Amino acid sequence: MVPAVGFDLDMTLIDSRPGIAATYRALTEHTGVYVDAAVAVSRLGPPLRHEIRQWFPPEQVEDAVERYRALYPRYAIAPSLPLPGAVAAVDLIRARGGRVVVVTSKLGRLAQLHLDHLGLPVDALAGDLFAEGKADALRRHGVQVYVGDHTADMVAARTAGIPGVGVASGPCPAADLRSAGAALVIDDLTGFPAALDDLLRLA
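Presented here is a report on the structure given in the accompanying data block. (Residues numbered from 1 in each chain as written. Predicted model: local features only at pLDDT ≥ 70, side-chain atom pairs only at ≥ 80, totals over all residues. Heavy atoms only, no water.)

This part covers the packing of aromatic side chains. Each aromatic ring pair is specified by the distance between its two centres and by the angle formed by the two planes. Tallied over the full model, the rule gives four aromatic pairs. Judged by centre distance (4.9 Å) and plane angle (45°), the rings of Y24 and Y68 are tilted. Here Y24, found in helix α1 (residues 17-31), pairs with Y68, found in helix α4 (residues 61-75); they are 44 residues apart in sequence, far enough to count as distant. A centroid spacing of 5.7 Å and a plane angle of 50° characterise the contact between Y68 and Y72, whose relative ring orientation is tilted. (Phe/Tyr/Trp six-rings, centres within 6.5 Å; stacked < 30°, edge-to-face > 60°. Helix = DSSP H or I, 4+ residues; strand = E, 2+ residues; numbered from the N terminus.)

Enumeration over the complete set of coordinates arrives at nine salt bridges. In this structure, the salt-bridge partner of D153 is K134, at a minimum N-O distance of 2.7 Å. Of this pair, D153 sits in helix α8 (residues 151-160) while K134 sits in the loop between β5 (124-126) and α7 (135-140), and the two are 19 residues apart along the sequence. An identical accessibility class is assigned to D153 and K134; each is buried. Its salt-bridge partner being D136, residue R139 comes within 2.9 Å of it at the nearest N-O pair. Placement of the pair is R139 and D136 together in helix α7, with a separation of three residues, close to one helical turn. Because the salt bridges share partners, they merge into one network encompassing D8, K134 and D153. (Salt bridge = Lys/Arg side-chain N within 4 Å of Asp/Glu carboxyl O. Buried < 20%, exposed > 50% of the residue type's maximum accessible area, 1.4 Å probe, protein only.)

Below, the discussion takes up unusual backbone geometry. Residues other than glycine seldom take positive phi values, yet D128 does so here, at roughly 65°. Tracing the chain through its elements places D128 in the loop between β5 and α7. Backbone geometry places A131, a non-glycine residue, at a positive phi of 50°. Positionally, A131 belongs in the loop between β5 and α7. Judged by its relative accessible area of 8%, A131 is buried.

Counting buried positions along α8 yields seven of ten residues, so the element is predominantly enclosed. Taken as a whole, α8 has its buried residues at A152, D153, M154, V155, A156, A157 and A160. Those residues of α8 that are buried lie in contact with α7, β6 (145-148), β7 (164-167) and α9 (174-179). G161 sits one or two residues past α8 and shows a positive phi near 75°. (Contact = heavy atoms within 4.5 Å.)

Here we take up the packing of α4 against helix α6 (residues 108-118). Each pair of packed helices gets described by two things: the angle between the helix axes and the distance between those axes. It is at 11 Å that the axes of α4 and α6 come closest, and there the two elements cross at 10°. For the element pair α4 / α6, the angle class is roughly parallel. Counted together, R69, Y72 and P73 of α4 and R109, L110, L113 and H114 of α6 form the full contact between these two elements. The residue inventory of the contact of α4 with α6, partitioned by class, reads four nonpolar, one polar and two charged. (Axes fitted to C-alpha atoms, helices over the stretch in contact; angles between N-to-C directions. Parallel < 35°, antiparallel > 145°, perpendicular 65-115°, else oblique. Nonpolar A, V, L, I, M, F, W, Y, C, P; charged D, E, K, R; others polar.)

Burial of β7 is two-sided: the residues G164 and G166 facing one way and the residues V165 and V167 facing the other way are all buried. Where β6 meets β7, three bridges bridge the pair, whose relative direction is parallel. Paired with V147 across the two strands is V165, which belongs to β7. In this fold, β6 hands off to α8, which returns the chain to β7; that crossover is right-handed. (Pairing = 2+ DSSP bridges. Right-handed = clockwise from strand over helix to strand, strands pointing away.)

Now the structure itself:
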C-alpha cells in the first residue's frame with residue numbers, strides 16, 4: 001500500500017510558466033505597470049504578493065493581486081502542461097492504493113482549474129500556503145512524503161516531520177534542495193517510479 005503523497009503544483013506537477021507569463025503581460029496591459037514576465041516566471045514558488053511587490057508600489061499591491069487573479073483563468077490555464085512524469089506519478093500512486101494531495105502556494109480555486117483542465121486526479125487540495133505554512137495541511141491530510149521543486153517545500157516537509165523529495169524541475173538546483181533538507185532529489189518526476197520503493201522506506 002502506497003501512503004498519501006503530497007505534491008507542490010507549479011514546476012513540480014505542471015509547467016505553468018507560459019500561462020503565468022501571459023497573465024503578467026495582461027496585467028501590464030491592464031494596469032500600465034511593467035512586469036518583466038520572463039523574470040517573474042523564473043522564480044516561481046513564493047506567494048503571488050511576494051512577486052507583485054517587486055513591481056508595484058505598496059498602495060497598489062492588493063489591487064494588482066486581485067486583477068492578476070481575475071485575469072488568471074483566461075490567460076494561464078490553457079497554456080500550462082503537465083511536467084514530464086507527472087501524470088504517470090499520480091496514476092502510479094492511485095493505482096497502488098495511495099492518495100495524492102496537492103499543497104500549493106497558488107490560490108486553491110485557481111489550482112483546481114489547472115487540475116481539472118489537465119485531468120489530473122487528486123484526492124485533496126490545499127492552497128494559498130507556503131513554506132512552514134504548508135505543514136498543517138500536510139499533517140491534516142495524512143501526507144507521509146512531500147514532493148516539491150522549491151527549498152521552501154523542503155522546509156514544509158521538515159516542519160511537518162515527514163521526508164521531503166526534491167525535484168530539480170523548478171528554480172532551485174539539486175544542491176540547494178539537498179541543503180534545505182531533501183531526503184531524496186530526482187531530476188524530475190520521470191524518476192518517481194524508480195524512486196517509489198525508496199520513498200516508501202523513507203515514509
